[in-house]
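Residue strings, one per chain:
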Amino acid sequence: MTVTLEVSDNVGTIRLDRPPMNALDVAVQDRLRELAEEATRREDVRAVILYGGEKVFAAGADIKEMQGMDHTAMVLRSKALQDSFTAVARIPKPVVAAVTGYALGGGCELALCADYRIAAENAKLGQPEILLGLIPGAGGTQRLARLIGPSRAKDLIFTGRTVKAEEALTLGLVDRVVPAAEVYEQAHAWAAKLAKGPALALRAAKESVDAGLETDIDTGLTVERNWFAGLFATEDRERGMRSFVEEGPGKAKFL
């Protein structure tokens, strides 16, 4: 398999494994969607890591495959491409990207689908599609602008330039930079901690933030209010508040 889902301690790792550069061909894209949907369904998966291995996250689309497509073929394929990445972005659980080496084009767009990005010191990220006479087509023009702001996103997209880990951190494109040997370990620690948290509250938080970014503030506040009130019907809320009153803050254990 070019993409796998391995689960340990309620953390699911979606692993790209298509040497040498984890190029995102049609088969990989479709498999990503399938595994994102599986991670969404499975109750034993409470947090997710996106990982390409020790050397490279994903260097982008399979250019040779794309070169053979004409306009009609891409009209038919582009929606499925976006749907694959959207399935990852909409996993209703905490998702962290563990980025090593290159995360370019579709690889960068995949990292953008995560809630949090931990990058190796040797990581290089970018949207170089303009150098092919194209634009990002798997969400890059939308998610990148929402993450780092439109002017910074336009700079990366217009120039196609690649940024190193430290600049990516300054831009807000990644959230933490660590030695390459520690990337997966730290991503797993982040995911494992949240996997022990209140699953419905985490889902509510993620969906409230994401929905709010896609609409006006009044609609976003309505989404937040509905989730907030709804959580009062959950066992996790009862458990968390009871623990706070009886034991103090931060000691609740959730099922």
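Higher on the page you've got the structure.
The sections below set out a description of the structure shown in this document. (Residues numbered from 1 in each chain as written. Predicted model: local features only at pLDDT ≥ 70, side-chain atom pairs only at ≥ 80, totals over all residues. Heavy atoms only, no water.)

### Section: a nonpolar patch on the surface
We count it as follows: Exposure above 30% relative accessible area and the lack of any salt bridge qualify a residue for a patch; like charges then connect within 9 Å, and the nonpolar side chains Val, Leu, Ile, Met, Phe, Trp and Tyr within 5 Å. Each accessible area value is a Shrake-Rupley result obtained with a 1.4 Å probe; residue values ignore everything except the protein chains displayed when judging cover. Any carboxyl oxygen of Asp or Glu that lies within 4 Å of a side-chain nitrogen of Lys or Arg is treated as forming a salt bridge with it. Helix and strand definitions here come from DSSP, where helices need a minimum of 4 consecutive H or I residues and strands a minimum of 2 consecutive E residues; each element is numbered from the N-terminal end.
On the surface, Ile63, Leu132 and Leu134 cluster together into a nonpolar patch covering about 260 Å² of accessible area. Residue placement: leucine 132 occurs in the loop between strand 7 (124-126) and helix 5 (140-148).

### Let's talk about a negative patch on the surface
We apply this condition: All tallies of charge rest on Lys and Arg as positive and Asp and Glu as negative; His and the ends of each chain are not included. Working definition for charges: the position is that of NZ of Lys, CZ of Arg, CG of Asp or CD of Glu. Only protein chains enter the accessibility calculation, which uses a 1.4 Å probe; a residue whose area is less than 20% of its type maximum is buried, one above 50% is exposed, and one in between is partly exposed.
Taken together, the side chains of Glu121, Glu166, Glu182 and Glu185 define an acidic patch exposed on the protein surface. For glutamate 182, the location among the structural elements is in the loop between strand 9 (176-178) and helix 8 (183-195). Residue classification places glutamate 182 among the partly exposed residues on the basis of a relative accessible area of 31%.

### Here we look at the pairing of strand 1 (residues 3-8)
Two faces belong to every sheet, and in a regular strand the side chains alternate between them. Note the cut-off: Strands are labelled as partners when DSSP assigns at least two bridges between them.
Both strand 1 and strand 2 (residues 11-16) contribute to a ladder of six bridges, which runs antiparallel. From the neighbouring strand, glutamate 6 faces strand 2, where its bridge partner is threonine 13. Counting the residues in the hairpin turn of strand 1 and strand 2 gives two residues, including aspartate 9, whose phi is positive at 55 degrees.

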